[in-house]
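Here's the letter readout for the chains.
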Amino acid sequence: MKYVDEYRDPAPARRLIEEIRRTATRPWVLMEICGGQTHTLVKYGIEELLDGAVELVHGPGCPVCVTPLEIVDKAIAIAAIPQTIFVSYGDMLRVPGSHSDLFRVKAGGGDVRIAYSPMDALRLARENPRRRVVFFAVGFETTAPANAMAAWQAKREGLRNFSMLVSHVLVPPAIRLLLDSNLSRVEGFIAPGHVCTVMGYEEYEELAARYLVPFVVGGFEPLDLLEAIRMLVRQLEEGRAQVENAYARSVTRGGNLAARQRMMEVFEVADRNWRGIGPIAQSGFRLRAEYAEFDAEKVFGVEAISAPEPPECISALVLQGLKKPVDCPVFGTRCTPATPMGAPMVSSEGACAAYYQYRRHIAPAGAQV
Amino acid sequence: MSGPIQFTCPVPLAARDRIVLGHGSGGKLSAELLRDVFLPYFRSPILNRLDDQAVLEINGARLAFTTDSFVVKPLFFRGGDIGSLAVNGTVNDLAMGGATPLYLSAGFILEEGLDIEILRRAAESMGRAADSIPVEIVTGDTKVVEKGKGDGLFINTTGIGLVPEGVRLSPALVRPGDRVLLSGPIGDHGIAILAEREGIEFSTDLASDCAPLNGLVAAMLAASLDIRTMRDPTRGGLSSALNEIAARAGVGVTIEESAIPVREEVRGACEMLGLDPLYVANEGKLVAFVAPDAAEAVLEAMRRHALGRDAALIGTATGTHPGLVLLRTPFGTTRIVDMLPGDQLPRIC
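These numbers come from a predicted model, not from an experiment. Within each chain, residue numbers correspond to sequence positions counted from 1 in written order. Written order determines the labels here, with chains lettered from A and ligands numbered from 1. Confidence filtering applies because this is a predicted model: local features only for residues at pLDDT of at least 70, side-chain atom pairs given and counted only at 80 or more, and all residues used for totals across whole chains, interfaces and linings. Excluding hydrogens and water, the side-chain values take into account all heavy atoms of the structure.

**What to know about the overall build of chain A**
Rules: A run of H or I in DSSP counts as a helix once it spans at least four residues, and a run of E counts as a strand once it spans at least two, with each numbered from the N terminus. In this description the radius of gyration comes from C-alpha coordinates, and the expected globular size is given by 2.2 Å times residues to the power 0.38. Exposure classes here rest on a 1.4 Å probe applied to the protein chains alone. A residue is buried below 20% of its type maximum, exposed above 50%, and partly exposed in between. Pairs of residues are marked as contacts when any of their non-hydrogen atoms sit within 4.5 Å. To be clear on the numbers: accessible area is Shrake-Rupley with a 1.4 Å probe, and residue cover counts the displayed protein chains and nothing else. His residues and chain termini do not enter the charge count, which takes Lys and Arg as positive and Asp and Glu as negative. Here the site of a charge means NZ on Lys, CZ on Arg, CG on Asp, or CD on Glu.
Counting secondary structure elements, chain A contains 16 helices and 11 strands. For chain A, whose C-alpha radius of gyration is 21 Å, the value lies close to the compact-globule estimate of 21 Å for 369 residues. With respect to the three principal axes, the spread of C-alpha positions in chain A is 65 × 45 × 45 Å. The buried share among the 369 residues of chain A stands at 64%. Relative to all contacts within chain A whose residues are 6 or more apart in sequence, the contacts with residues 24 or more apart total 78%. Carbon and sulfur atoms make up 51% of the accessible area of chain A, which totals about 13,600 Å². The positive charge centre, built from 41 side chains, and the negative charge centre, built from 43, are 4 Å apart in chain A.

As structure tokens, this is what we get:
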């Protein structure tokens, strides 16, 4: 398949791996931010191929995983209201809330539908004028423009039966949180290619300068990631801390200006809770006051729902590179994708789920699978 | 900040107390349902084997017996419809036991208000499919449920067939070293159906691979009786079929990613939708475990048959990692090919 196979070709991959191994004088600790990148690295066993030259730490960039419990509970509450059509990206349906998940709401008679685009939810709202249609607007900067577009379009059309449950988060504040922790072992970052397609990478230049860590914008295919790793290792060996772009076929420094503009017209930066992490200041989006009529939390009066999360699992340590998923005592036993106990086990992009799905056969002794 | 950042976890959900769609996915949830709800009450050693069909010894004859229900949406799709699917699906379950299909029953659950023309088209398609096999539909039943209590048309078919002398297929016969043969490219049916489903419509020329496999199976058995076991990888796809065999046979399975045929259209759709072809349904493919000495002859016989033209040797049964299916990537690494808990879910981005 054109534009895919070129980036999965084993021969250039071997050359990149050899070069990384030749260049690295010690095992550098690198973090990929995005869950899609984690998925590829684990699926292709790239960590295994780089063992000894590079240690990969899996960052908090799985949108499904970091959507806070209280938002999932709000989604469940709204979806259970009769005559509501609740529309969501597919992988949010299995995410456990405090007591239920959207699949169960559906099983109990709720009208929960999977969509690939918020525009499908708009269409449903037009086609069902007597029913209230709610779109679950989650994700990082990647999905924010399309979700903003839906609200913008709904306002323009005067669609009164459409609203959005918004839980958007931003990548740079999470990186800042990690770098501010004095236990962080991360020495370089693969910046998220899709997020940067929208946002560009100027924000990462500030981070690189302030924390003196290198960033390389990476794509999602094996060769994209190996190239990003090669560039990071080179920077580290040469003592540089710059932002470089290994995903130029999609990313420019300024990003997608039209998308960013529409996004900022509809959303404003706000404090956000992250599942498993807690509140991070100025780390997400909420709808601007001009769009309050499309805010499902207000429309359905669920703003007050809150859900304390009991401290238990080790995702903190996993995300800081202090532990691997297989080091968790409940990994693969009580905690599996069918019975996720922690956020990173929920979506296939979560670090724990990716390990469970693809790599538990090489888990160290002690981790029962 | 000092000390590790505090992260926390949600409370795990208790065991599922309601049926969710994933229980029908052919994955782990389906298996749990069998294990926890049905098998303890039915207490049948034959059922406990969990083969696609029961093989019953009656007066010296070996009878294969199976049933399947069809709830596909849309009812008519490129490459097939609920009628042909209902006939071929049950015939294929018989064929996977090596049986020659003989007779089918057909049960219909109709929703009040269903257009009779739709039912007529489905029945016509069933008749045509049955003739081509050939198999005879000899008994049936019709029930009507109130409007809103069904989804237009559900069909159940039950089939019986005869297992020829000398044919013995079972996962229990699989040995390390056996070769794994696949009859053709995977994922056509699932992607063809998905392309026509509400909310996901995309244009493709791809057609369902819906077809009866009894002819292909007969050709394979004529080439060699050293075929150990066969499955048609329907719901849950190739991964579920291989995992089931690995678990029942107590062997490991290693497959080569580069050896598994997948059409460009299917790969493209899967890339776009965030799905893995290994988990996408097929309705006219089979996977066979064959003794190493017989593998070449069987593979050639498959390739001579119209439904096995693109058959491929995709892997081997192993004595290591029993119960686990591993896939070797073109990068030389291996990864697990697991059974999914429920349906594959489209990813956010």
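This is not the end of the story, as more comes after the structure.
**As for the domain arrangement of chain B**
Residue and element names in this part refer to chain B. Which entries qualify depends on this criterion: Boundary definitions for the domains trace back to an automatic or database domain assignment. Once two parts are brought into contact, the accessible area they lose, counted with a 1.4 Å probe and summed over both, makes up the buried area. Throughout this description, the term salt bridge denotes a Lys or Arg side-chain nitrogen within 4 Å of a carboxyl oxygen of Asp or Glu.
Segmentation of chain B into domains returns domain 1 (44–162) and domain 2 (171–336). Computed from C-alpha coordinates alone, the two centres of domain 1 and domain 2 are separated by 23 Å. Listed as interface residues are 23 residues of domain 1 and, on the opposing side, 24 residues of domain 2. Taken together, both faces of the contact between domain 1 and domain 2 bury some 1,900 Å²; the carbon and sulfur share is 55%. Ranking the residues of domain 1 by area buried against domain 2 places Arg78, Asn92 and Met96 at the top, with a combined share of 32%. The interface formed by domain 1 and domain 2 holds 2 salt bridges in total. Its salt-bridge partner being aspartate 51, residue arginine 231 comes within 3.6 Å of it at the nearest N-O pair. Mapped onto the side of domain 1 that touches domain 2, the elements with two or more residues apiece are β3 (76–77) and α3 (82–95). Per-element accounting of the side of domain 1 that touches domain 2 gives the leading share, 8 residues, to α3.

**Details of the pairing of strand β12 (residues 312–318) of chain B**
All names here are of chain B. What counts, and what does not: Strands pair, by our definition, only if DSSP identifies at least two bridges between them.
For β12, the tally of buried residues reaches 5 of 7 residues, placing the bulk of the element in the interior. Pairing of strand β8 (residues 179–182) with β12 involves 4 bridges; the strand directions are antiparallel. What sits directly across from leucine 181, in β12, is leucine 313.

**Focus on the pattern of salt bridges**
Residues and elements named next belong to chain A. Using the criterion set out here, one finds 41 salt bridges over all chains in the structure. Where glutamate 187 meets arginine 26, a salt bridge forms, and the shortest distance between an N and an O atom there is 2.3 Å. With glutamate 187 in the loop between α9 (171–180) and β7 (188–192) and arginine 26 in the loop between α1 (10–23) and β1 (28–34), the pair connects residues that are 161 residues apart, well separated along the chain. We classify glutamate 187 as buried; its relative accessible area is 18%. Residue glutamate 55 is joined to arginine 185 by a salt bridge in which the shortest nitrogen-to-oxygen separation is 2.8 Å. Of this pair, glutamate 55 sits in strand β2 (residues 54–61) while arginine 185 sits in the loop between α9 and β7, and the two are 130 residues apart along the sequence. On the basis of relative accessible area, glutamate 55 is assigned to the partly exposed category, the value being 24%.

**Here we look at the environment of isoleucine 175 of chain A**
Residue and element names in this part refer to chain A. The residue isoleucine 175 is located in helix α9 in this model. Judged by its relative accessible area of 2%, isoleucine 175 is buried. Here the alpha-carbon distance between isoleucine 175 and proline 60, two residues 115 residues apart in the chain, equals 8.7 Å. Non-local contacts of isoleucine 175, meaning those with residues more than four positions away in its chain, are made with Ile33, Phe189, Tyr204, Leu207 and Phe215.

**Structural notes on helix α7 (residues 237–249) of chain B**
All names here are of chain B. This is how the line gets drawn: The span expected for a helix works out to 1.5 Å for each residue beyond the first.
The end-to-end C-alpha distance of α7 is 19 Å, a good match for the 18 Å that 13 residues give at a rise of 1.5 Å each. Taking burial as the measure, the 13 residues of α7 include 11 buried ones, the bulk of the element. On its buried side, α7 packs onto β8, β9 (227–231), β10 (252–256), β11 (287–290), β12 and β13 (325–328). One or two residues past the end of α7 sits glycine 250, with phi positive at roughly 70 degrees.

**Comments concerning the sheet that holds strand β5 (residues 132–139) of chain A**
All names here are of chain A. Threshold: Note on definitions: angles span 0 to 180 degrees between N-to-C directions of axes, and those axes are lines fitted to C-alpha atoms, for helices only across the stretch in contact.
Ordered in space as β4-β3-β5-β6-β11-β10, the 6 strands form an open sheet in which the pairing is mixed. In this open sheet, the two edge strands, each paired with only one partner strand, are β4 (111–114) and β10 (267–274). Taken pair by pair, the neighbouring strands of this sheet meet at an average axis angle of 25 degrees, ignoring direction. As paired strands, strand β3 (residues 84–88) and β4 are joined by 4 bridges and run parallel to one another. Pairing of phenylalanine 86 across the sheet is with valine 112, part of β4. Docked against the sheet, helix α8 (residues 144–157) engages β5, β6 (162–169), β10 and β11 (278–287), running at close to 155 degrees with respect to β6.

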